[in-house]
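# A closer look at the structure
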Amino acid sequence: ALEAGANPNATYAGISMLNRALQHPRHPQGCAVRLIQHGASFTPELLLYAVRNRMRELTAALLRAGADINVQDERGNTALHYAARKNTAFFVRDLITAGADLEVRNIAGYTPLMLTIRFRCFRAASVLLEHGADRTAKGGKHNETIHAMCQRYHCRIDNNKLIKVPFIGKES
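Just so we're clear, the structure is a prediction, and the values are computed from it rather than from any experiment. (Residues numbered from 1 in each chain as written. Predicted model: local features only at pLDDT ≥ 70, side-chain atom pairs only at ≥ 80, totals over all residues. Heavy atoms only, no water.)

## Side note on the nonpolar core
One finds Leu 58, Ile 117 and Leu 128 to be the most contacted residues of the largest nonpolar core, which totals 53 residues. Counting residues per element, this core draws most heavily on helix 8 (residues 122-130), at six residues. The contact partners of Ile 117, leaving out residues within four places of it in the chain, are Ile 146, Met 149, Cys 150, Tyr 153, Cys 155 and Leu 162. (Core = buried A, V, L, I, M, F, W, Y, C linked by side-chain atoms within 4.5 Å. Buried < 20%, exposed > 50% of the residue type's maximum accessible area, 1.4 Å probe, protein only. Helix = DSSP H or I, 4+ residues; strand = E, 2+ residues; numbered from the N terminus. Contact = heavy atoms within 4.5 Å.)

## Let's talk about the confidence of the model for the protein chain
The share of residues in the protein chain with pLDDT of 70 or more is 97%, and the mean pLDDT across the chain is 91. Looking at the elements of the protein chain, mean pLDDT is at its lowest for strand 1 (residues 11-12), recorded as 86, and at its highest for helix 5 (residues 79-85), recorded as 97. (pLDDT = per-residue confidence, 0-100.)

## Things to note about the environment of Ala 125
Within the secondary structure, Ala 125 sits in helix 8. For the pair formed by Ala 125 and Asn 87, sequence separation is 38 residues and the distance between their alpha carbons is 7.9 Å.

## Some remarks on the side chain of Asn 77
Within the secondary structure, Asn 77 sits in the loop between helix 4 (56-64) and helix 5. Not counting residues up to four positions away in its chain, the partners in contact with Asn 77 are Leu 48, Val 71, Gln 72, Tyr 82, Asn 106 and Leu 115.

## Here we look at the environment of Ala 108
Residue placement: Ala 108 occurs in the loop between helix 6 (89-97) and helix 7 (112-118). Along the sequence, Ala 108 and Leu 2 sit 106 residues apart, while their C-alpha atoms lie 43 Å from each other. Discounting residues that sit within four places of it in the chain, Ala 108 has contacts with Gly 140 and Lys 141.

## Quick word on the pattern of salt bridges
Going through the model one piece at a time under the given rule, you end up with six salt bridges. Ionic pairing is found between Arg 56 and Asp 94, a salt bridge with its closest N-O pair at 2.8 Å. In this pair, Arg 56 is assigned in helix 4 and Asp 94 in helix 6, connecting sequence segments 38 residues apart. With a closest N to O distance of 3.0 Å, Arg 152 and Glu 144 form a salt bridge. Sharing partners across several salt bridges, the network here consists of Arg 93, Glu 130 and Lys 161. (Salt bridge = Lys/Arg side-chain N within 4 Å of Asp/Glu carboxyl O.)

## Details of helix 6
All of the buried residues along helix 6 are Ala 89, Phe 91, Val 92, Leu 95 and Ile 96. Seen end-on, helix 6 carries its buried residues on one side only, within an arc spanning 160 degrees. Packed against the buried residues of helix 6 are helix 3 (45-52), helix 4, helix 5 and helix 8. One or two residues past the end of helix 6 sits Gly 99, with phi positive at roughly 105 degrees. (Arc of directions from axis to C-beta.)

## A closer look at the packing of helix 6 against helix 8
Running from amino to carboxyl end, helix 6 crosses helix 8 at an angle of 25 degrees, the nearest separation of the two axes being 8 Å. Judged by the inter-axis angle, helix 6 sits roughly parallel to helix 8. Like other packed secondary-structure pairs, helix 6 and helix 8 cross with a definite hand, here right-handed. Note on element contacts: helix 8 touches helix 6 through Arg 123, Ala 124, Val 127, Leu 128 and Glu 130, opposite Ala 89, Val 92, Arg 93 and Ile 96. For the contact of helix 6 with helix 8, the per-class residue count stands at six nonpolar, no polar and three charged. (Axes fitted to C-alpha atoms, helices over the stretch in contact; angles between N-to-C directions. Parallel < 35°, antiparallel > 145°, perpendicular 65-115°, else oblique. Left-handed = near helix turned anticlockwise from the far one by under 90°. Nonpolar A, V, L, I, M, F, W, Y, C, P; charged D, E, K, R; others polar.)

Rendered as C-alpha cells:
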C-alpha cells in the first residue's frame, strides 16, 4: 500500500501507523523501517528507543532519514551512551561512523567511555578507544579521572582495550 501512495503518517484510533508497527509482536522493525523509508514522521527520541531495544535495522533507517545522532533524553543520555552501557560494540561502531559525539556527557557527568568502565563493558570500551575517546577526561559522580575509575572498577586500558584486573581483596 505504501508503494501505491498510502500515507505513512496515517493514524488509526489516534495511534500512528509507526507506533502500531513498533507494537507488532513478530516484525516491529521491518514494518517501522518501511514506514520511515516512505517518509513517516518520527520523534527524535525514537533513535534512543531503537538503540535501547537493540533494533539495528530501525536505527540505520532512522539515521538515513536524518535522525539527530546526539539527541539526549531527560537524563542527558544519547544513543551512544545506551549502546556503550549495553556493551553492543556493533551499535557503538555504527553510531560513531554516523557522527556521534564521543565526549558528550549525561547529567551525571559520564561520557560513553566512562559508562563502559563503570559497568565493565569491555567490547564497547574497545571500540570507543579505537575511535579516539578521551582517556584523560574527568567526570562522573566523583569527578574521577578515567584512570581512577579503572582502579575503582578493577580494570585498565592497554592498547585501546579495556582489560579486567583481578580483584585482590584484603587478607583476613
